[in-house]
Amino acid sequence: QRLKSEAIQYVLERAEADQRSWRDACDGAVLNETFESVESGGIPSNWKRYVQTRGATVFGIAEVSRDFGGGPKLHLSDQSATVAVWSASDKVLPAGKQWTVQFDFQLTGLLIYKAAKCGAMFGLKRGNRGKVAEFLPLVQVNNDKKAGKPVELLGFGDVLATNLEPNAWHRLVIRRDGTTWNFYLDDKLTKTVHNRDTDLRGFAFGSFQNYRQVALDIHYSHLKIGKFMEP
């Protein structure tokens, strides 16, 4: 019995160590959202949500869920509809043009994805403050709507990973320095993109501007926005 207890404790400690091995690359000084204070079925009070319906039929999910274990997570699933959440404030991103976004994500569900101009697993609001926001799809997933095929992860349309492991947690860090963007996946710098959009504010997840995303089914946790932390 003692050996069994020690073995279980070892497994738990290894799992915790694996979580810690994901290096924090963002200080979260502007936003550090763990969803702990959000009720199941809700979203943070300073976020907005849109889920397409037709009569009593709901076509997607955009809510904090505790149904999958491991603490609260944002669950976004659009089922080929228009489903999105985004920041209500235009002050979410730090002042200036040097900042970092970090979050963990897990691909689940049908694993059918299609990258398109108005849908993304993570995007940014842009345009003049006080006017209707446009969205810049920053990070997307794609396997050309073929279930079971390898899933690509894209940043600004450039490939960050070609065979993204499903049903596993990944950490993505997006570091902006003016018009240069560095993408880190699971602690590794995978891509640097130059000379891209600068008029940005706030964040968004999902299908933007009434664009119907394709079977997006993702869990998110530990969203941070702030300054980059050097390793």
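Up top you'll find the structure we're talking about.
Residues numbered from 1 in each chain as written. Predicted model: local features only at pLDDT ≥ 70, side-chain atom pairs only at ≥ 80, totals over all residues. Heavy atoms only, no water.

Before going further, it helps to examine the overall build of the protein. Scanning the protein from terminus to terminus reveals one helix and 17 strands. Nonlocal contacts in the protein, meaning residues at least 24 apart in sequence, comprise 68% of its contacts between residues at least 6 apart. (Helix = DSSP H or I, 4+ residues; strand = E, 2+ residues; numbered from the N terminus. Contact = heavy atoms within 4.5 Å.)

Attention now goes to the sheet that holds strand S2 (residues 47-51). Reading across from one edge, S2-S7-S16-S9-S10-S11-S12 is the order of the seven strands in this open sheet, with antiparallel pairing throughout. Bordering the open sheet on either side are S2 and strand S12 (158-161), each of which pairs with just one other strand. Ignoring which end each strand starts from, the neighbouring axes of this sheet average 25° apart. Bridge analysis of strand S9 (residues 119-126) against strand S16 (residues 200-207) gives six bridges, and the strand direction is antiparallel. By the bridge assignment, Lys125 is partnered in S16 with Arg201. (Pairing = 2+ DSSP bridges. Axes fitted to C-alpha atoms, helices over the stretch in contact; angles between N-to-C directions.)

This next bit is on unusual backbone geometry. Even without glycine at this site, Lys145 takes up a positive phi of about 65°. By the element assignment, Lys145 lies in the loop between strand S10 (134-142) and strand S11 (152-155). In this structure, His222 takes a positive phi of about 55° despite not being glycine. Relative to the helices and strands, His222 is located in strand S17 (residues 217-226). You can call His222 partly exposed: its relative accessible area is 39%. (Buried < 20%, exposed > 50% of the residue type's maximum accessible area, 1.4 Å probe, protein only.)

Note that Gln52 resides in the loop between S2 and strand S3 (53-54). When its relative accessible area of 15% is taken as the criterion, Gln52 is described as buried. Side-chain polar atoms of Gln52 contact the backbone nitrogen of Thr82, separated by 2.9 Å. (Polar contact = N/O pair within 3.5 Å; in protein donor to acceptor, adjacent residues only side chain to side chain.)

Tallying each qualifying case throughout the model produces one cavity of 30 Å³ or more. Along its surface, the largest cavity is lined by 11 residues, and Tyr113, Lys114, Val141, Gln213 and Leu216 are the ones closest to its centre. Counting only elements with at least two residues in the lining of the largest cavity, the list comes to S9 and S10. For the lining of the largest cavity, the leading source of residues is S9, giving three residues. Across the lining of the largest cavity, the residue classes tally to seven nonpolar, three polar and one charged. (1 Å grid on protein atoms, 1.4 Å probe; cavity = no way out; pocket = protein on both sides within 12 Å on 5 of 7 lines; lining within 4 Å. Points joined across faces, edges and corners; volume = space filled by probe spheres on them. Nonpolar A, V, L, I, M, F, W, Y, C, P; charged D, E, K, R; others polar.)

Scanning the entire structure with this criterion turns up 16 aromatic pairs. On the numbers, 4.5 Å between centres and 65° between planes, the contact of Phe205 with Tyr220 is edge-to-face. Placement of Phe205 in strand S16 and of Tyr220 in strand S17 is noted, with a sequence separation of 15 residues between them. Summarising the burial analysis for this pair, Phe205 and Tyr220 share the class buried. Three or more aromatic residues joined by ring pairs make a cluster, and in this case those are Phe35, Trp47, Phe103, Phe105, Phe122, Phe203, Phe205 and Tyr220. Across from the ring centre of Phe228, 4.0 Å away, lies the NZ or CZ of Arg175, which sits over that ring. (Phe/Tyr/Trp six-rings, centres within 6.5 Å; stacked < 30°, edge-to-face > 60°. Lys NZ or Arg CZ within 6 Å of the ring centre and 35° of its normal.)

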